[in-house]
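# Architecture and fold: a report
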Amino acid sequence: MTDGSSKGEEIQRLFDTVPEYYDRMNRIMTLGRHAAWCRDVARRAQVPAGGSLLDIATGTGVIALEAARRYPGATIHGVDFSEGMLAGARTKPGAEAVTWQFADANDLPFADGTFDAVTHGYLLRNVEDAERVLAEQFRVLAPGGRLVILETCPPRGLLRRPVALGVKVVVPLLGQVVAHDRRSYTYLEESTLGFMSPEQVAEILGRLGFVDVAWDRRFLGTHMIVTATKP
Ligand SMILES: C[S@@+](CC[C@H](N)C(=O)[O-])C[C@H]1O[C@@H](n2cnc3c(N)ncnc32)[C@H](O)[C@@H]1O
């Protein structure tokens, strides 16, 4: 992905072109598991009654909508820097329960300590500086607030080679056949296999001051759900 623009600009363009196929591709690539992981992310956010949750890189809004269903009295914000993806979120059933807003994860337009929970799915491997983005999340969380991250990651151990080969072959092929967009899904494959392990993400979170950092791997080790708390 290089034509002289910053990584952020390229990612923004990429996601502005994929919303039509985005949910269908996610369902196919994760064999339907993405929706369950988003429910799990919302559950782990543990928003108190009348509290607030910020879902960053909300995309078509799957996590934010799950949170709105799970915590009916809470204030739910879904933000993204792709207007194309946000347009998809705004038309979904239940969308009126969420405040949708344009925002860049590098520079969130919220005061310090605003939210009881922050969530994001598939954001970190798309940003230039993951530590800066996580520091922003620490800033906008209230003391005691929960962070829940869903992300892809490279498989490890005995499964590493066969699973990585599967990801390399299957993901771009599905992108071509289902979304007619091999390039975007080649990027997904490359950014997944080249991304940090849960241990590395946890190390950054610890450095930033988060406590109770924990993680699970999912889907043959190609996905992680990481949770942390702001003290
Ligand atoms: C793969 S989608 C994930 C959408 C959703 N969270 C999900 O789980 O289906 C990644 C999203 O991250 C957004 N994104 C990437 N970098 C961003 C940034 N710096 N600020 C805000 N959104 C960003 C993209 O626009 C895109 O909608």
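This write-up is about the structure you can find in this document.

Analysis parameters
Residues numbered from 1 in each chain as written. Predicted model: local features only at pLDDT ≥ 70, side-chain atom pairs only at ≥ 80, totals over all residues. Heavy atoms only, no water. Axes fitted to C-alpha atoms, helices over the stretch in contact; angles between N-to-C directions. Helix = DSSP H or I, 4+ residues; strand = E, 2+ residues; numbered from the N terminus. Parallel < 35°, antiparallel > 145°, perpendicular 65-115°, else oblique. Left-handed = near helix turned anticlockwise from the far one by under 90°. Contact = heavy atoms within 4.5 Å. Nonpolar A, V, L, I, M, F, W, Y, C, P; charged D, E, K, R; others polar. Near = heavy atom within 4 Å. Polar contact = N/O pair within 3.5 Å; in protein donor to acceptor, adjacent residues only side chain to side chain. Pairing = 2+ DSSP bridges.

Moving on, we come to the packing of helix H6 (residues 130-140) against helix H9 (residues 198-208). Following both chains from N to C, one finds H6 and H9 inclined at 50°, their axes separated by 10 Å at the closest point. Classified by the angle between their axes, H6 and H9 sit oblique to one another. The element H6 and its partner H9 pack so that their crossing is right-handed. Judged by residue contacts, Glu-131, Leu-134, Ala-135 and Phe-138 of H6 engage Ile-204, Leu-205, Arg-207 and Leu-208 from H9. Among the residues making up the contact of H6 with H9, the classes are represented as six nonpolar, no polar and two charged.

Time to look at the site of the ligand. Around the ligand, the surrounding shell holds 19 residues, and the nearest of these are Tyr-22, Ala-57, Asp-80, Ala-105 and Gly-121. Contact distances for the ligand include 3.1 Å between an oxygen atom and a side-chain N or O atom of His-34. Elements supplying a minimum of two residues to the shell around the ligand: helix H1 (7-17) and helix H2 (19-29). Among the residues forming the shell around the ligand, the class breakdown is 10 nonpolar, seven polar and two charged.

Moving on: the sheet that holds strand S6 (residues 211-218). Taken together, seven strands build an open sheet; the order of strands is S3-S2-S1-S4-S5-S7-S6 and the sheet is mixed. Strand pairing shows two members of the sheet lacking a second neighbour, strand S3 (98-102) and S6, which therefore form its edges. In this sheet, adjacent strand axes meet at a mean angle of 15° when their direction is disregarded. Alignment of strand S1 (residues 52-56) against strand S4 (residues 115-121), held across four bridges, turns out to be parallel. Residue pairing for S4: Asp-55 is matched across the bridge by Thr-119.

With that settled, consider the packing of H1 against helix H8 (residues 182-193). In the contact formed by H1 and H8, the axes pass within 11 Å of each other and the chain directions differ by 130°. Comparing the axis directions of H1 and H8 gives the class oblique. In the crossing of H1 with H8, the sense of the turn from one axis to the other is left-handed. Packed against H1, whose contacting residues are Lys-7, Glu-10, Ile-11 and Leu-14, the element H8 presents Arg-183, Ser-184 and Tyr-187 at the interface. Along the lines of polarity and charge, the residues of the contact of H1 with H8 split into three nonpolar, one polar and three charged.

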